Amino acid sequence: MKWLQIIKEFIMSLYSKIVITSPEDFRPIADEAWRSIYKHDIASDADTSCQVVVNVYGKEKFSWVNGNKDQINNQRADKDTRYGIGSFTKSFTGALVEKLIDLGYIANRDDLATAYLNPQYSFPEHNVTVEQLLLHTSAIGGDYTGASNPQAGSDEAGPGLWGIKYYTQTKSWPMTPQELREHFTSWWKDQTYPGVDIWDNNTPLTASTFYYSNPGYIMLGLICEEAYKAATGNYLRLEELYKEFIFNPCDMPNATGQLTNGQWEIAKNQASSYTYWWGTTYWNPEIYAVGVFSAGCIMASASEAANFLPNLSKGLVMSNSATEKFFEGRVDSSPHQPNSQYGSGIFKYDVVTSSGTRTLYAHGGLRDGFSTYALYDRDLDISVVYIQNRTVLTQNQMWEDALAMYQVAHDFYNV
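Because the structure is predicted, anything quoted here is derived from the model rather than measured.

### Re the overall build of the chain
Point 1. Across its full length, the chain carries eleven helices and 19 strands.
Point 2. Considering the chain as a whole, with its 415 residues, one finds that 56% of them fall into the buried category.
Point 3. Of the contacts formed within the chain by residues at least 6 apart in sequence, a portion of 66% connects residues at least 24 apart.
Point 4. When the accessible area of the chain is evaluated, it comes to approximately 17400 Å², of which 52% is carbon and sulfur surface.

Okay, here's the thing in structure tokens:
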């Protein structure tokens, strides 16, 4: 009889754990928590939309969608609506570089960037390595975010500083993907490295200094294309490389690199982008032409984006050693990104939780009215992705909201 009681108590304890960790129990708690976390009034913000997804143990445990993906046509967003995830793209690009290193298509991190880019693009020889580009220590400046009027749409501002004409969702210049790449490289022909820091009072940079660089990651995209072509004899555009090596193994069937035959792809279920300025929400149709070049081009829903880091961590993309290289933070950040290290397209942070200090991997994204923050606890397998189609919160606010939602999931599943 005593043994029957022990077995019964054991079975009941297992049942209790199953009930506690079931998605049905977490969802109402997460929903209530999110409504208190979100920094704006949900009802008044319904004219534009946001998505929040919490992925635990490889399964989606909470998904929250609010508002319209298209304000003009009053079209509601749903969990499959795609958004521009901005610079979170760099994490995908970093993973793609690690994959090609794993395959031997990129031989060594210390290889010069020009060893892969030339003679196709004839970049000047300035001793920038693949690893320096990965870690933002190449000191390449000239970022379009430094333009005084990045939405002017001219050759004198924004992407025009690179000699790249401005694209919109409604029209585009008749330029092929290859011509876009050539326009990007033309800007660098007469430049010298290191560049000049546009943030720190024009202080010259050294190659050991962390300097967040969109152009550096665009160069990595070009390197991936050229390294793949040299190794296989076939040419695949960057968005095709993403699909083969990242999207397919990470269960992201609807994610894209957004350019097809030189024209921006407008998918069936894609959110329009908006900018909030002085109490008014403006439609923001502009999309940088350089987006195709791996710094901020990927379109995905929060649900699909939340699959990326967990599936990568599980070894679905590349070997264990290559996976560890991706997650390993190797460079201390600048004062602009405190309490962090930077690896292959991903920040590494330490945060304090109810169970002690935990390590998170994270990246934000801003692009033409879209805002993103994604974070991942690798040890506990908790992934949170938060996306909006209106630039209304700062990246710090997005981080705080995503981190608060992570804390809710952490406490529910691990305390």
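There is more to say after this.
### Regarding the sheet that holds strand β10 (residues 280-283)
Point 1. One open sheet accounts for three strands, arranged β10-β9-β19; its pairing is mixed. With partners counted over all chains shown, the strands left at the sheet margins are β10 and β19 (390-391), one partner each.
Point 2. Note that strand β9 (residues 274-277) and β10 share four bridges and pair antiparallel. Residue pairing for β10: W277 is matched across the bridge by T280.

### So, the packing of helix α7 (residues 214-232) against helix α8 (residues 238-247)
Point 1. With their axes 9 Å apart at the nearest point, α7 and α8 run at an angle of 75 degrees to one another. Taken together, the axis directions place α7 and α8 in an arrangement best described as roughly perpendicular. In this structure, α7 contributes G221, C224, E225 and Y228 to the contact, and α8 contributes L238, L241, E244 and F245.
Point 2. Among the residues making up the contact of α7 with α8, the classes are represented as five nonpolar, one polar and two charged.

### Quick word on the pairing of β9
Point 1. A loop of two residues connects β9 with β10, the two strands running antiparallel in sequence, and W278 in this loop sits at a positive phi of about 55 degrees.
Point 2. Bridge count between β9 and β19: two bridges; the pairing is parallel. Note that in β19 the partner of T275 across the bridge is T391.

### Some points on helix α3 (residues 89-103)
Point 1. In this model, α3 (15 residues) spans 21 Å end to end at C-alpha, consistent with the 21 Å of a helix rising 1.5 Å per residue.
Point 2. Burial analysis of α3 places 13 of its 15 residues in the buried class, the great majority of the element.
Point 3. In the segment just after α3, G104 is the residue with positive phi, at about 85 degrees.

### Comments concerning the sheet that holds strand β16 (residues 356-367)
Point 1. The eight strands are arranged β2-β1-β18-β17-β16-β15-β14-β13 in an open sheet whose pairing can be described as antiparallel. One side of each edge strand has no neighbouring strand; the edge strands of this open sheet are β2 (59-66) and β13 (331-332).
Point 2. Relative to β16, strand β15 (residues 347-353) runs antiparallel, the two being bridged by seven bridges. Across the sheet, residue T353 finds its bridge partner in β16, namely G356.
Point 3. Seen against the sheet, helix α11 (residues 395-414) touches β1 (50-56), β2, β15, β16, β17 (370-377) and β18 (382-388) and runs at an angle of roughly 35 degrees to β17.

### Quick notes on the pairing of β2
Point 1. For β1 and β2, the ladder comprises seven bridges, and the chain directions are antiparallel. Bridging from a neighbouring strand, N55 pairs with E60 of β2.
Point 2. Counting the residues that bridge the hairpin from β1 to β2 gives two residues, and of these Y57 lies at a positive phi of roughly 55 degrees.

### Some remarks on the nonpolar core
Point 1. Within the largest apolar cluster, 104 residues are counted, with the highest numbers of intra-cluster contacts made by F92 and F308.
Point 2. Among the elements that line this core, the one with the most residues is α11, at ten residues.
Point 3. When residues no more than four places from it in sequence are discounted, the contact partners of F92 are I85, Y242, I246, F247, M252, I298 and F308.

### Some thoughts on the confidence of the model for the chain
Point 1. Averaged over all residues, the pLDDT of the chain equals 79, while 71% of them reach at least 70.
Point 2. Between residues 6-23, whose pLDDT stays under 50, and residues either more than four places distant or in other chains, the model counts eight contacts.
Point 3. Low pLDDT, under 50, characterises residues 194-202; the predicted model gives this stretch 20 contacts beyond four residues in sequence or across chains.

Criteria and thresholds
Residues numbered from 1 in each chain as written. Predicted model: local features only at pLDDT ≥ 70, side-chain atom pairs only at ≥ 80, totals over all residues. Heavy atoms only, no water. Helix = DSSP H or I, 4+ residues; strand = E, 2+ residues; numbered from the N terminus. Buried < 20%, exposed > 50% of the residue type's maximum accessible area, 1.4 Å probe, protein only. Contact = heavy atoms within 4.5 Å. Areas by Shrake-Rupley, 256 points an atom, 1.4 Å probe, with all protein chains shown as cover. Pairing = 2+ DSSP bridges. Axes fitted to C-alpha atoms, helices over the stretch in contact; angles between N-to-C directions. Parallel < 35°, antiparallel > 145°, perpendicular 65-115°, else oblique. Nonpolar A, V, L, I, M, F, W, Y, C, P; charged D, E, K, R; others polar. Expected span 1.5 Å × (residues − 1). Core = buried A, V, L, I, M, F, W, Y, C linked by side-chain atoms within 4.5 Å. pLDDT = per-residue confidence, 0-100.

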